[in-house]
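Residues per chain, in single letters:
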Amino acid sequence: MIVSLSTGSVYRVAESILEHLHFIEKEFYGLIDGVEICFIWKEDFDKFEFDQKSINFLNSLEFNTLHVPVKETNYAKNEETKAAFKKIKTLSKQVNFEFVTFHPNHVSDFSALSAVKNVCIENMPNGEKRKGWQYPKEFETFFNKWNKFGFCFDVNHAIANGIEPKEFAINLKDKIK
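Anyway, here's the lowdown on the structure attached to this text. (Residues numbered from 1 in each chain as written. Predicted model: local features only at pLDDT ≥ 70, side-chain atom pairs only at ≥ 80, totals over all residues. Heavy atoms only, no water.)

Regarding empty space enclosed by the protein
Here the structure, examined in full by the defined rule, presents one cavity of 30 Å³ or more. The volume enclosed by the largest cavity comes to roughly 50 Å³. Taken together, Lys 42, Phe 45, Asp 46, Pro 69, Thr 73, Tyr 75, Glu 80 and Ala 84 make up the full set of residues lining the largest cavity. Among the elements of the structure, α2 (42-47) and α4 (79-94) are those that each provide at least two residues to the lining of the largest cavity. Looking at the lining of the largest cavity element by element, the count peaks at three residues for α2. Residue classes in the lining of the largest cavity are distributed as four nonpolar, one polar and three charged. (1 Å grid on protein atoms, 1.4 Å probe; cavity = no way out; pocket = protein on both sides within 12 Å on 5 of 7 lines; lining within 4 Å. Points joined across faces, edges and corners; volume = space filled by probe spheres on them. Helix = DSSP H or I, 4+ residues; strand = E, 2+ residues; numbered from the N terminus. Nonpolar A, V, L, I, M, F, W, Y, C, P; charged D, E, K, R; others polar.)

Looking at the nonpolar core
With 46 residues, the main nonpolar core has Phe 102 and Leu 113 as its most contacted residues. Mapped onto this core, the elements with two or more residues apiece are α1 (17-28), β2 (34-38), α3 (52-59), α4, β4 (97-102), β5 (119-122) and α5 (136-145). With four residues, the top contributor of residues to this core is α4. (Core = buried A, V, L, I, M, F, W, Y, C linked by side-chain atoms within 4.5 Å. Buried < 20%, exposed > 50% of the residue type's maximum accessible area, 1.4 Å probe, protein only.)

Remarks on the state of the cysteines
Considering all chains together, one arrives at zero disulfides under this definition. The thiol sulfur of Cys 120 is not disulfide-bonded, and the nearest other cysteine sulfur, from Cys 152, lies at 6.1 Å. (Disulfide = S-S within 2.5 Å.)

Concerning the pairing of β4
Within β4, five of the six residues are buried, leaving the element largely enclosed by the surrounding structure. Taken together, the four bridges between strand β3 (residues 64-67) and β4 define a ladder with parallel strand orientation. Bridging across to β4, Thr 65 finds its partner in Phe 99. Traced from β3 through α4 to β4, the parallel crossover comes out right-handed. Pairing of β4 with β5, which is carried by three bridges, proceeds in the parallel orientation. From the neighbouring strand, Thr 101 faces β5, where its bridge partner is Cys 120. (Pairing = 2+ DSSP bridges. Right-handed = clockwise from strand over helix to strand, strands pointing away.)

With respect to the sheet that holds β2
On the basis of which strands lie adjacent, the open sheet formed by six strands has the order β1-β2-β3-β4-β5-β6 and parallel pairing. Strands at the two margins of the open sheet, each flanked by one partner only, are β1 (4-6) and β6 (150-152). Taking the axes of each pair of neighbouring strands and ignoring which way they run, one obtains an average angle of 30° across the sheet. Of the pairings in the sheet, the one linking β1 to β2 comprises three bridges and is parallel in character. (Axes fitted to C-alpha atoms, helices over the stretch in contact; angles between N-to-C directions.)

A few points about α1
If you check α1, its first and last C-alpha atoms are 16 Å apart, about what twelve residues at 1.5 Å a residue would give, namely 16 Å. Every buried residue of α1 is listed here: Ile 17, His 20, Leu 21 and Ile 24. For α1, the angular spread of the buried residues around the axis is 100°, confining them to a single face. Looking at the packing, one finds that the buried side of α1 touches β1, β2 and α3. Taken from the residues just after α1, Gly 30 is the one with a positive phi, measuring 90°. (Expected span 1.5 Å × (residues − 1). Arc of directions from axis to C-beta. Contact = heavy atoms within 4.5 Å.)

Given below as structure tokens:
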């Protein structure tokens, strides 16, 4: 089993992703196998740069992932997406990311994601702007067409939707990364 901690889960302890990483290293080093670098805002992602301390820490772990921004984004064949992919490539030269996670409700052209290696699509919580992408059957249909992508299973999102996590585990076990 791999235990990974998201920078998004410690957002209240500090302002920046770098501070989140320093906190995770201080409090959880030796207890976790990886970190999800989680960006919410596009602006934060665009400006982000690792410091050497964070690079060293992350590269000492076996399973890091990158969660691309979910606010102010539309992933498609456009200049904004090309810039995001360039940033992913830059960050990936410094830290090995096993997977890059996208929220599917911010992707209008899934074929554009072919430019990124090891893409995962995450299940969504309920909400006004997040209709769909919540139930195992929706993902089974999606993966029939887009088989090359993996699935990032967010257990809390499933529970928020009133779905038994076991349903995802049974129906999508071959896609969960």
